[in-house]
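Listed below are the residues making up each chain.
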There are 2 protein chains.
Amino acid sequence: MSVSTSRVLQEFAARLGKGKVFLELPQRRMYRYDGIAVGETPAIVVLPETTQDVVEAVQLAQATGLPLVPRGAASGLSGGAVPTEESIVLCFTRMTRLELDPDRRLAIAQPGVVTAWISERAKPLGLTYPPDPASLRTSTLGGNLAENAGGPMCFKKGVTGDYVVELECVDAWGQVHRLRREAYDLPGLLIGSEGTLGIITEATLRLTPIPPHTRTLMAVFGEVGQAAEAVSRAIAAGAVPSKLEFMDQGCIRAVEDYLHMGLPVEAAALLLVDTDGDDPQIVEEELSWVAEACRECGGEVRVARDPQEAEQLWRARRSVSPALGRIRPKRLNEDIAVPRSTLPEVVRSIEALGRAYGFPLVQFGHIGDGNLHPNVMFDPESDDEDKVWEMLHEVARVALRHGGVLSGEHGIGLMKRDFMTEALDRESLEALWAIKRALDPAGRLNPGKVLPDLVSP
Amino acid sequence: MSVSTSRVLQEFAARLGKGKVFLELPQRRMYRYDGIAVGETPAIVVLPETTQDVVEAVQLAQATGLPLVPRGAASGLSGGAVPTEESIVLCFTRMTRLELDPDRRLAIAQPGVVTAWISERAKPLGLTYPPDPASLRTSTLGGNLAENAGGPMCFKKGVTGDYVVELECVDAWGQVHRLRREAYDLPGLLIGSEGTLGIITEATLRLTPIPPHTRTLMAVFGEVGQAAEAVSRAIAAGAVPSKLEFMDQGCIRAVEDYLHMGLPVEAAALLLVDTDGDDPQIVEEELSWVAEACRECGGEVRVARDPQEAEQLWRARRSVSPALGRIRPKRLNEDIAVPRSTLPEVVRSIEALGRAYGFPLVQFGHIGDGNLHPNVMFDPESDDEDKVWEMLHEVARVALRHGGVLSGEHGIGLMKRDFMTEALDRESLEALWAIKRALDPAGRLNPGKVLPDLVSP
Ligand SMILES: Cc1cc2nc3c(=O)[nH]c(=O)nc-3n(C[C@H](O)[C@H](O)[C@H](O)COP(=O)(O)OP(=O)(O)OC[C@H]3O[C@@H](n4cnc5c(N)ncnc54)[C@H](O)[C@@H]3O)c2cc1C
Ligand SMILES: Cc1cc2nc3c(=O)[nH]c(=O)nc-3n(C[C@H](O)[C@H](O)[C@H](O)COP(=O)(O)OP(=O)(O)OC[C@H]3O[C@@H](n4cnc5c(N)ncnc54)[C@H](O)[C@@H]3O)c2cc1C
């Protein structure tokens, strides 16, 4: 960094207030990574408390030429919040204002609000905020919006973007906008753009009534195809499960080793299903359609008798992360989405890749949307990490070959940027670049993410 | 038109096939207008049958410098399909291929498909396509997508864009793209962009199961505020009506004069409400919550005993258009959306405007979303049409003053383009223009729509 840049950063820190800025190396080094990757140490970390602070950070970027990297809780799994060069990291964990308007069923939230807080605050009012990434106790709303995060409930209730009424954002020139979903859907364009088109400083979100009744079942199958088929049949019978999760054998075994809850380690696939609604009878009936579909497909079904047992069954799903952590010190979590009908073949092809590369691999995901998370476990001390990445590339190719997409919910980020040239044709990539250049001509917003470099043909 | 342009058009017609092109004045004059406005006579009308025909039309625009105006059924109510200068009108009424994939619950449709056909074709499969603009028997899917059309069901089931999985489109350079809702949401950007950012040539749409049970009620109120309050209370009680329509006194009287079905002409407001679902009991119960809320707010409720009576009640709503046609030869249909809590005041303010300007005026709309259609009736022979437009401008201002938006569902088009400078601040308009310039730098796609000219400050 030049001496003059360094002086500008010092002056900025003095002006904004020392407490809102980190300039010391040990502090800055904490803001290099997210849930999956490690990058460059930022030149400065700014912790804005107001939209005006964000505007000033953008002006700092203009003055110094340093790029801006927005960051929430850094739970992202595609490297979106990781600096790829010397940058200004803009960390939103202090912008945590959250107001509820129960009459209009709205929440007005700053980006640093932790996802789970919204439903917690809405609960006493009989309301809830449905998008439920498994990371909801740590992830922030800003990160959820930037990734358009989903969760177990997304099949019935949709993803983060489906709940956005209005966004406040700061553009690459430091202008503040309040954008509604009218004329051109600019909020929709920002949602899922991973901080590369604008910085989100506030969101107005739709809340929905809490469904008073929920029922839960677990089903185990001798074959992955049976589980996929059961899901399709249940849906065809009219069931719209409010949660719908799949775990493969590797995943079942890992959880059983960890929890000793009596899961059948010989089973090839496990489904966890919730139905919910206003009427206990119809919720029950919907669950019975799912149970029937599972049994018809050769599944063994266990219906939770009460909320305690349901909670117990869902513990299996929530324990996947810690359980896998015991197998190898590190893992990379892939995230693809494929047509549900191709799932058996996709799961098998990915298993074969795991065997070929010699890495332990488990698969789970929000099966209603065909969203699958193949996780590769390895030891950075003894394993060749390049091989892991090579394998993940092959996993992405399996998805594309089956008519799927590169990212179900974790985004493209840094990690899948290079795969984009295989997923989209050149014309579509150029259309994406045209949007990027229109909203960020200087390339100041989260460079090196989402869009691959286009080499002239 | 220059002689050379004229020759290029002739050659184009010969190449594409005479049947796909109109060059004669009487034919061309038929493509000047939509449901609300009349514009310039197009230089040529192209009726593409394939995506390749569309590509050739774009190339024709490039070769001649003539702008392109996409057009569906011309039922639009904001002048979107109206040429503002000598243009190539691209009329989609022959691109009507429609394929259903019941297993994946998808419809793959060309833009000329009439909205109602989709549900008609899906019905024998137990499926339906929920977006239901009142124009659904004439409007096309292309027009619905370009306007992001809503309908009575939008409160519960969402609008057109909520059902889009994938779009095929042709860009301003004649490149064909297949766009999914990943990375930057380009389909979402095209939806609602009124043909100004790209031309839609195919859509993959989500279908949903037909809810087997529906119940209907009508409620009348002495005051508009009571109706608005009843809706809020019913929703607070947990009801999510599948249809929810409001009519004011002027509207009730017009329909009664027309149908003589015994509507209470002294009532100030009328609600028509459907609930639907899988379980007859819960559908019934949901309707009873609505009935109770209506009664608590002073409404008089009539619950339809059977589908025939329900059909009868809904006739009142469907007859609004023809009924109003009898009052004055012409009417202009406004389209605003306001927070539901402001509805009584908004309705009153707009009534006052009608009195002040001396035009008969009625109001109706999808009240669940606060979507309101003030309709001004006039006689072009004797009334001053400028006054009508002036009044509509005031109506838009009422919406903006109450935190509402310029367009609930009919789009900005030609008609509300100039109001945009009052609805959005300059920075946001510049952001919209940045998108427009990125995707259509030569301004060839439907010029003069949506975006107001920005005069340098
Ligand atoms: C155990 C575990 C389980 C998970 N389960 C799920 C799941 O079920 N579903 C799912 O979708 N994801 C899941 N994730 C991934 C991750 O939690 C989500 O992507 C989440 O949305 C990231 O939020 P964050 O606050 O941590 O964002 P970060 O990781 O800090 O950032 C993510 C992206 O958002 C951008 N960003 C952050 N704030 C802003 C802002 N204010 N304006 C503009 N851009 C911004 C960043 O630049 C970056 O590109 C999981 C992660 C873990 C570790
Ligand atoms: C009686 C009546 C009732 C109505 N009720 C409703 C209602 O309940 N809800 C509602 O939302 N609207 C309603 N409308 C308005 C209108 O029907 C809708 O806007 C409809 O979506 C227009 O469809 P269309 O095919 O007629 O489009 P057109 O009027 O032909 O065109 C509309 C816009 O779409 C663009 N366009 C058309 N095809 C394409 C394409 N393939 N690619 C890109 N752009 C394209 C045009 O350029 C134009 O900007 C109503 C209209 C009438 C007359």
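Note that this is a predicted model, so its numbers are computed, not measured.

Concerning the site of ligand 2
Residues and elements named next belong to chain B.
And then number 1: Contacts to ligand 2 come from 34 residues, most closely from Pro70, Gly72, Ser75, Ser135 and Thr140.
And then number 2: Here Gly143 contributes a backbone N or O atom positioned 3.3 Å from an oxygen atom of ligand 2.
And then number 3: A distance of 3.2 Å is found between an oxygen atom of ligand 2 and a side-chain nitrogen or oxygen belonging to Asn446.
And then number 4: Protein chains bury 92% of the 990 Å² of accessible surface belonging to ligand 2 in isolation.

So, the UniProt feature "domain: FAD-binding PCMH-type" (unreviewed entry) in chain A
And then number 1: Feature annotation in UniProt places "domain: FAD-binding PCMH-type" (unreviewed entry) on residues 38–210 of chain A, given in this structure's numbering.
And then number 2: This span, residues 38–210 of chain A, is 22% helix and 25% strand, and a straight line between its end C-alpha atoms measures 39 Å.

Description of the environment of Glu381 of chain B
And then number 1: With respect to the secondary-structure elements, Glu381 of chain B resides in the loop between strand 19 (371–378) and helix 14 (385–401).
And then number 2: Each C-alpha atom of the pair Glu381 of chain B and Lys330 of chain B lies 9.9 Å from the other, and the pair is 51 residues apart in sequence.

Some details on the interface of chain A and chain B
And then number 1: Opposite the 45 residues of chain A that make contact, chain B presents 45 residues.
And then number 2: Approximately 3800 Å² of surface area, both sides summed, lies buried where chain A meets chain B, with 62% of it carried by carbon and sulfur atoms.
And then number 3: Among the residues of chain A in contact with chain B, Glu182, Ala183 and Tyr184 of chain A are the three that bury the most area, contributing 18% of the side total.
And then number 4: Across the chain A-chain B interface, the total number found is 0 salt bridges.
And then number 5: Counting every contact that joins chain A to chain B gives 10 residue pairs in polar contact (both at pLDDT 80 or more).
And then number 6: If you list the elements that add at least two residues to the side of chain A that touches chain B, you get strand 9 (176–180), helix 7 (186–190), helix 8 (224–236), helix 10 (280–296) and helix 16 (426–439) of chain A.
And then number 7: When grouped by side-chain class, the residues that make up the side of chain A that touches chain B number 23 nonpolar, 11 polar and 11 charged.

Description of helix 8 of chain A
Residues and elements named next belong to chain A.
And then number 1: Taking 1.5 Å of rise per residue, 13 residues should cover 18 Å, and helix 8 covers 19 Å from first to last C-alpha, within 8% of that figure.
And then number 2: Where helix 8 is buried, its residues contact helix 6 (154–157), strand 12 (213–221), strand 13 (243–248), strand 14 (269–277), helix 10 and helix 13 (343–357).
And then number 3: Downstream of helix 8 by a residue or two, Gly238 has a phi angle that is positive, lying close to 110°.

A few points about the relation of the copies chain A and chain B
And then number 1: For these two chains of identical sequence, chain A goes onto chain B by a turn of 180° and a shift of 0.0 Å along the axis, with RMSD 0.0 Å. Seen this way, the second copy is the image of the first under a two-fold rotation axis. For chain A, the minimum C-alpha distance to the rotation axis belongs to Ala438 of chain A and amounts to 2.8 Å.
And then number 2: Both copies present the same face, since 98% of the interface residues in chain A are matched by interface residues at the equivalent positions in chain B.

Re the site of ligand 1
Residue and element names in this part refer to chain A.
And then number 1: Pro70, Gly72, Ser75, Ser135 and Thr140 are the nearest of the 34 residues found near ligand 1.
And then number 2: The separation between an oxygen atom of ligand 1 and a polar main-chain atom of Gly76 is 2.7 Å.
And then number 3: Between ligand 1 and Asn446 there is a distance of 3.2 Å, counted from an oxygen atom to a side-chain nitrogen or oxygen.
And then number 4: When the free accessible area of ligand 1 is taken as 980 Å², the share hidden by the protein chains comes to 93%.
And then number 5: For the shell around ligand 1, the secondary-structure elements that each account for two or more residues are strand 3 (68–71), helix 5 (141–147) and strand 10 (199–206).
And then number 6: Here the shell around ligand 1 takes 5 residues from helix 5, the largest share from any one element.
And then number 7: Grouping the constituent residues of the shell around ligand 1 by class yields 13 nonpolar, 17 polar and 4 charged.

Looking at the side chain of Ser193 of chain B
And then number 1: Note that Ser193 of chain B resides in the loop between helix 7 (186–190) and strand 10 (199–206).
And then number 2: Its relative accessible area of 0% is what places Ser193 of chain B among the buried residues.
And then number 3: Ignoring sequence-local partners within four residues, the contact set of Ser193 of chain B consists of Tyr184 of chain A together with Ala146 and Val450 of chain B.

Some points on the pattern of salt bridges
And then number 1: If you walk through the whole model with that rule in mind, you get 56 salt bridges over all chains.
And then number 2: One continuous salt-bridge network, built from bridges that share partners, spans Arg97, Glu99, Glu166, Glu168, Arg178, Arg180 and Glu202 of chain A.

Description of the sheet that holds strand 5 (residues 98–101) of chain A
All names here are of chain A.
And then number 1: Across the sheet, which stays open at both edges, the 5 strands sit in the order 5-6-10-8-9 with antiparallel pairing between neighbours. Strands with a single pairing partner mark the edges of an open sheet, and in this sheet they are strand 5 and strand 9. Strand-to-strand, the axes of this sheet are offset by a mean angle of 15°, without reference to chain direction.
And then number 2: Looking at chain direction, strand 8 (residues 164–170) and strand 10 are connected through 6 bridges and run antiparallel.

Quick word on the sheet that holds strand 6 (residues 106–109) of chain B
Residues and elements named next belong to chain B.
And then number 1: If you walk across this open sheet you meet the 5 strands as 5-6-10-8-9, and the pairing is antiparallel. Each having just a single partner strand, strand 5 (98–101) and strand 9 (176–180) make up the two edges of the open sheet. Each neighbouring strand pair of the sheet contributes to a mean axis angle of 15°, computed without reference to strand direction.
And then number 2: Relative to strand 6, strand 5 runs antiparallel, the two sharing 4 bridges. Counted as the bridge partner of Glu99 is Ile108 from strand 6.
And then number 3: This element, helix 3 (residues 51–64), spans strand 8 (164–170), strand 9 and strand 10 of the sheet and lies at about 45° to strand 8.

Details of the nonpolar core
Nonpolar side chains in soluble globular proteins generally cluster together in the buried interior.
And then number 1: With 84 residues, the main nonpolar core has Ile435 of chain A together with Ile435 of chain B as its most contacted residues.
And then number 2: Among the elements that make up this core, the one with the highest residue count is helix 16 (residues 426–439) of chain B (8 residues).
And then number 3: Sequence-distant contacts of Ile435 of chain A, that is, excluding residues within four places in its chain, are made with Leu189 and Leu197 of chain A together with Tyr184, Leu186, Leu189, Ile435 and Leu439 of chain B.
And then number 4: By size, the runner-up hydrophobic cluster in this structure holds 49 residues, among which are Ala234, Leu244, Ile350 and Phe378 of chain B.

Topic: the packing of helix 8 (residues 224–236) of chain B against helix 10 (residues 280–296) of chain B
Residue and element names in this part refer to chain B.
And then number 1: Packing of helix 8 against helix 10 leaves a shortest axis separation of 8 Å and a crossing angle of 140°. Taken together, the axes of helix 8 and helix 10 are oblique relative to one another. Pair helix 8 / helix 10 crosses with right-handed handedness. Across the interface between the two elements, Ala230, Arg233 and Ala234 from helix 8 touch Val290, Ala293, Cys294 and Glu296 from helix 10.
And then number 2: Partitioning the contact of helix 8 with helix 10 into residue classes produces 5 nonpolar, no polar and 2 charged.

Each value, and the rule that gives it
Residues numbered from 1 in each chain as written. Chains lettered and ligands numbered in written order. Predicted model: local features only at pLDDT ≥ 70, side-chain atom pairs only at ≥ 80, totals over all residues. Heavy atoms only, no water. Near = heavy atom within 4 Å. Polar contact = N/O pair within 3.5 Å; in protein donor to acceptor, adjacent residues only side chain to side chain. Areas by Shrake-Rupley, 256 points an atom, 1.4 Å probe, with all protein chains shown as cover. UniProt positions renumbered as here; feature names shortened; annotations may be inferred. Helix = DSSP H or I, 4+ residues; strand = E, 2+ residues; numbered from the N terminus. Contact = heavy atoms within 4.5 Å. Buried area = accessible area lost by both parts, 1.4 Å probe. Salt bridge = Lys/Arg side-chain N within 4 Å of Asp/Glu carboxyl O. Nonpolar A, V, L, I, M, F, W, Y, C, P; charged D, E, K, R; others polar. Expected span 1.5 Å × (residues − 1). Least-squares fit on C-alpha atoms with pLDDT ≥ 70 in both. Buried < 20%, exposed > 50% of the residue type's maximum accessible area, 1.4 Å probe, protein only. Pairing = 2+ DSSP bridges. Axes fitted to C-alpha atoms, helices over the stretch in contact; angles between N-to-C directions. Core = buried A, V, L, I, M, F, W, Y, C linked by side-chain atoms within 4.5 Å. Parallel < 35°, antiparallel > 145°, perpendicular 65-115°, else oblique. Left-handed = near helix turned anticlockwise from the far one by under 90°.

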